[in-house]
Number of protein chains: 2
Amino acid sequence: MIKIAVDLMGGDDAPQVVLDGIELFLKAFSDVEIQGYGLPEYNTIKHDNFKFIACSEQITMDDEPVRSVRRKKDASMVRAAEAVKLKTADACVSAGNTGALMSAGLFIVGRIKGIERPALAMTMPTIDNKGFMLLDMGANADAKPEHLIQYAKMANIYAKANRKIDNPTIGLANIGTEDKKGNTLTKETFALLKAETSINFIGNVEPKTLLNSTADIVVTDGFTGNIILKTLEGTANNIFKMLKQTLTSSTKNKLATAIIKNDLAKLKGKMDYSEYGGAVLFGVNGLVIKAHGSSDKVAIYNALRQARLAVEEDVVSTLAKEVGTDE
Amino acid sequence: MIKIAVDLMGGDDAPQVVLDGIELFLKAFSDVEIQGYGLPEYNTIKHDNFKFIACSEQITMDDEPVRSVRRKKDASMVRAAEAVKLKTADACVSAGNTGALMSAGLFIVGRIKGIERPALAMTMPTIDNKGFMLLDMGANADAKPEHLIQYAKMANIYAKANRKIDNPTIGLANIGTEDKKGNTLTKETFALLKAETSINFIGNVEPKTLLNSTADIVVTDGFTGNIILKTLEGTANNIFKMLKQTLTSSTKNKLATAIIKNDLAKLKGKMDYSEYGGAVLFGVNGLVIKAHGSSDKVAIYNALRQARLAVEEDVVSTLAKEVGTDE
């Protein structure tokens, strides 16, 4: 049975939405044991495949990442990461402080040898439903060119092994498609990616074409990746909000809307990031999955689905074998 | 009469859309003389308020900014900037190479004393129609914290003097709202903005709330600002494209769409960046307006409207008086 450790206390609406997401998941999947780490008062789920582990602390969104992981030894996130390290769980999931989860990945679970910095990788939607992998989504806000090269290599291996994409195309997120565009980081990274013969680098990709399947993989630093994610998300949410206002603004519009409602819901679902599960921390020696901080129960459910899939796909072994070195 | 110098050769679809945009503008405004700088074969507009100035060169999107501005002395963009320097024009407009236009602003028009780096400032839409000013949109890809402080001060003065906003709220674009979030640049900038008593700094702003009027002004480095702009634009365009597909996918949907068509068009217009005119290069000693590289004729028309407005508002004098120093 697959075992997934969950940080019940992480996320903007934790622990309630996390508990609700787990209940949804336990109804859908009977081959997974969920280990819930949280403060004692949240031991509310009664289910054969659920084990509650009481912790005395939690890491908040304001906590300084490295320090909090080192000091709060009994925090739910720390304990969930330890379960992966000790192999009492196959994966851990948290919607909490991204920096702290990254630190827990680094200092508790540990890096794959040869990988300097882990990166959060997520499959994002495209309008043709193919999707593309964006990384880093925010693990490492100040990245160096050599980190981005490692992100590209990890994503390349993953896309080949787990997504069965032959020779995946790799783009660099940038503010222009021309070779010399960008800031110091992207200019230096461009040169290194171009020189890297093991990957199929197709050049700079502007964020305005990200939804149009211009590349199978898009690499960027964690700050920019997170900015892209949050801009995409905010724009999509607000357009659908305005659309809803428009469609319910008059009786005639309401009548028309009744006809197209189901098709619109499908469209909205396509752009709904809660459907896309969590981001996987590539480069650590165990499966660490970050759910979005503003996750609702469906997003938690999908992050758990993502974790289950990543265990089945054995992502960590693939990366360690192909990208890791013995240093 | 207001005089606007236009680089006919700049932009992805230049010169045709630039010429078309000028014709639209000349129909709408009779108080502006347009000076068109371009290769001799594009002297096609016959209008009393249009003067054509033949140039022998043009700056392309691939040209290295500083070098091309220095070497291509007879390029249309360089000549248009010179018209501002020589005060034969009150403003210049180009949809061409952003970096080159920034260089033309710096080296031809010249900085306002005391301003280290100019920034491209643009008013962006919000769902309540209030709008907010985002800068830098891409003039300066590698910014330092002190540059962002100057951007904040310039936008603050502009919002007070020209937009009549009392005590405008200023946010820093970042990957979290918590004080310590971000990369080295945003962390250092946060501390400086917080210490700056002349402005109303409200802290970090995540891009997912940009359309919700969380701040009157949002400052960021040029790389991130351009990433935000292009992500917003790409997401909005693609959602409306998918919406159109959905609404025309069946006969019943087409019937329903006929009813709501006008309201949907209004909604789309609200998110259409071609409606928002150009970005103004804050910090140079003359009006330099950047139209979007992928401008269509309506976007060019709106950039010209923006230029006319900026002349009337006397933006440059305001900034020079309030933010500039005698070094």
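Scope of this entry: the structure provided in the associated data block. Model, not experiment: these values are computed from the prediction.

Focus on empty space enclosed by the protein
It is a probe the size of a water molecule, rolled over the atoms, that shows where empty space is left.
Residue and element names in this part refer to chain B.
At step 1: In this structure the tally under the stated criterion is one cavity of 30 Å³ or more.
At step 2: In this model, the largest cavity occupies a volume close to 30 Å³.
At step 3: Every residue along the wall of the largest cavity is listed here: T98, L101, M102, L120, L281, V288 and K290.
At step 4: Among the elements of the structure, α4 (98–109) and β11 (287–290) are those that each provide at least two residues to the lining of the largest cavity.
At step 5: Sort the elements by how many residues they give to the lining of the largest cavity and α4 lands first, with three residues.
At step 6: Its residues assigned to classes, the lining of the largest cavity shows five nonpolar, one polar and one charged.

Brief notes about the environment of K180 of chain B
At step 1: As for its position among the elements, K180 of chain B is in the loop between β7 (169–173) and α6 (184–195).
At step 2: For the pair K180 of chain B and M1 of chain B, spaced 179 residues apart in sequence, the C-alpha separation works out to 51 Å.

A short note on the side chain of T231 of chain B
At step 1: Structurally, T231 of chain B can be placed in helix α7 (residues 222–247).
At step 2: Residue T231 of chain B is classed as buried on the basis of its relative accessible area, which comes to 1%.
At step 3: Residue contacts for T231 of chain B: discarding those within four places in its chain leaves P207, I228, T231 and L232 of chain A.

Re a negative patch on the surface
At step 1: A contiguous patch of negative charge, built from D12, D13, D272 and D296 of chain A, is present on the exposed surface.
At step 2: By the secondary structure assignment, D12 of chain A is in the loop between β1 (2–7) and α1 (16–28).

Thoughts on the packing of helix α5 (residues 145–163) of chain B against helix α10 (residues 315–322) of chain B
Residues and elements named next belong to chain B.
At step 1: As a packed pair, α5 and α10 sit with axes 10 Å apart at the nearest point and diverge in direction by 125 degrees. One way to sum up the angle between α5 and α10 is to call them oblique. Between α5 and α10 lies a crossing of right-handed hand. Between α5, through M154, I157, Y158, A161 and N162, and α10, the contact on the second element is made entirely by V315, T318, L319 and E322.

So, the interface of chain B and chain A
At step 1: On the side of chain A, 53 residues touch chain B, which itself brings 52 residues to the contact.
At step 2: Here chain B meets chain A over a buried area of about 4,900 Å², counting both sides, of which 69% is carbon and sulfur.
At step 3: For chain B, the biggest contributors to the area lost against chain A are I175, K208 and F223 of chain B; these three give 14% of the whole.
At step 4: Here chain B and chain A share two salt bridges between them.
At step 5: For E206 of chain B, the salt bridge is made with K230 of chain A, and the minimal N-O distance between the two is 2.7 Å.
At step 6: Those elements that place two or more of their residues in the side of chain B that touches chain A are α6, α7 and α8 (251–270) of chain B.
At step 7: Of the residues forming the side of chain B that touches chain A, the biggest block, 20 residues, is contributed by α7 of chain B.
At step 8: Counted by class, the side of chain B that touches chain A contains 23 nonpolar, 17 polar and 12 charged residues.

Description of α5 of chain B
Residues and elements named next belong to chain B.
At step 1: Between its first and last C-alpha, α5 extends 26 Å over 19 residues, near the 27 Å set by a 1.5 Å rise per residue.
At step 2: Across the 19 residues of α5, 14 count as buried, placing the element largely inside the fold.
At step 3: Just downstream of α5, K164 is the residue with a positive phi angle, here 55 degrees.

Focus on the sheet that holds strand β9 (residues 217–219) of chain B
All names here are of chain B.
At step 1: Reading across the sheet, the 11 strands line up as β3-β2-β1-β4-β11-β10-β5-β6-β9-β7-β8 and stay open at both edges, with mixed pairing between neighbours. Sheet topology places β3 (50–54) and β8 (200–205) at the edges, where each strand pairs with a single neighbour. In this sheet, neighbouring strand axes are inclined to one another by 25 degrees on average, regardless of whether the strands run parallel or antiparallel.
At step 2: Pairing of strand β6 (residues 132–135) with β9 involves three bridges; the strand directions are parallel. When the bridges of β9 are listed, L134 appears paired with V218.
At step 3: The strands that α4 touches are β4 (91–94), β5 (119–124), β10 (279–282) and β11; relative to β11, the one it contacts most, it runs at about 175 degrees.

Things to note about the layout of surface pockets
At step 1: Its boundaries defined by the atoms lining it, the second largest pocket holds a volume of some 1,000 Å³.
At step 2: Around the second largest pocket, the lining is made up of 46 residues, and of these K181 of chain A together with N97, T98, G99 and G138 of chain B lie nearest the centre.
At step 3: Across the lining of the second largest pocket, the residue classes break down as 15 nonpolar, 15 polar and 16 charged.

Considering the packing of aromatic side chains
Note on aromatic pairs: each is described by the distance of the centres and the angle between the planes.
All names here are of chain A.
At step 1: Counted according to the given criterion, the structure contains 10 aromatic pairs over all chains.
At step 2: Look at F29 and Y301: their rings are 6.5 Å apart centre to centre, the planes differ by 35 degrees, and that puts the pair in the tilted class. Of this pair, F29 sits in the loop between α1 and β2 (32–38) while Y301 sits in helix α9 (residues 297–313), and the two are 272 residues apart along the sequence. Neither residue differs from the other here; F29 and Y301 are each classed as buried.
At step 3: In this structure an aromatic cluster arises from ring pairing among F25, F29 and Y301.
At step 4: Across the ring face of F107, the terminal group of R70 is positioned such that the distance to the ring centre comes to 4.3 Å.

Focus: the environment of E41 of chain B
At step 1: Its place among the elements puts E41 of chain B in the loop between β2 (32–38) and β3.
At step 2: Expressed as a C-alpha distance, the spacing of E41 of chain B and A54 of chain B, which sit 13 residues apart in the sequence, is 8.6 Å.

Side note on the relation of the copies chain B and chain A
Each copy of the chain is related to the other by a rotation around an axis and a translation along that axis.
At step 1: Of the transformation placing chain B onto chain A, the axial shift is 0.0 Å and the rotation is 180 degrees, giving an RMSD of 0.0 Å. Here the copies are linked by what is in effect a two-fold axis. The C-alpha atom lying nearest the rotation axis in chain B is that of A256 of chain B; the distance is 2.3 Å.
At step 2: Comparing interface residues between copies, 100% of those in chain B also lie at the interface in chain A; the contact surface is shared.

Looking at the sheet that holds strand β9 (residues 217–219) of chain A
Residue and element names in this part refer to chain A.
At step 1: A sheet is described by the order of its strands in space; here 11 strands give the open sequence β3-β2-β1-β4-β11-β10-β5-β6-β9-β7-β8, paired in mixed fashion. Both outer strands of the open sheet, β3 (50–54) and β8 (200–205), are each paired with one neighbouring strand and no more. The mean inter-strand angle of the sheet, taken between neighbouring strand axes irrespective of direction, is 25 degrees.

The rules behind these values
Residues numbered from 1 in each chain as written. Chains lettered and ligands numbered in written order. Predicted model: local features only at pLDDT ≥ 70, side-chain atom pairs only at ≥ 80, totals over all residues. Heavy atoms only, no water. 1 Å grid on protein atoms, 1.4 Å probe; cavity = no way out; pocket = protein on both sides within 12 Å on 5 of 7 lines; lining within 4 Å. Points joined across faces, edges and corners; volume = space filled by probe spheres on them. Helix = DSSP H or I, 4+ residues; strand = E, 2+ residues; numbered from the N terminus. Nonpolar A, V, L, I, M, F, W, Y, C, P; charged D, E, K, R; others polar. Buried < 20%, exposed > 50% of the residue type's maximum accessible area, 1.4 Å probe, protein only. Contact = heavy atoms within 4.5 Å. Patch = residues over 30% accessible without salt bridge, like charges linked within 9 Å, V, L, I, M, F, W, Y side chains within 5 Å. Areas by Shrake-Rupley, 256 points an atom, 1.4 Å probe, with all protein chains shown as cover. Salt bridge = Lys/Arg side-chain N within 4 Å of Asp/Glu carboxyl O. Lys, Arg positive; Asp, Glu negative; His and termini not counted. Charge placed at Lys NZ, Arg CZ, Asp CG, Glu CD. Axes fitted to C-alpha atoms, helices over the stretch in contact; angles between N-to-C directions. Parallel < 35°, antiparallel > 145°, perpendicular 65-115°, else oblique. Left-handed = near helix turned anticlockwise from the far one by under 90°. Buried area = accessible area lost by both parts, 1.4 Å probe. Expected span 1.5 Å × (residues − 1). Pairing = 2+ DSSP bridges. Phe/Tyr/Trp six-rings, centres within 6.5 Å; stacked < 30°, edge-to-face > 60°. Lys NZ or Arg CZ within 6 Å of the ring centre and 35° of its normal. Least-squares fit on C-alpha atoms with pLDDT ≥ 70 in both.

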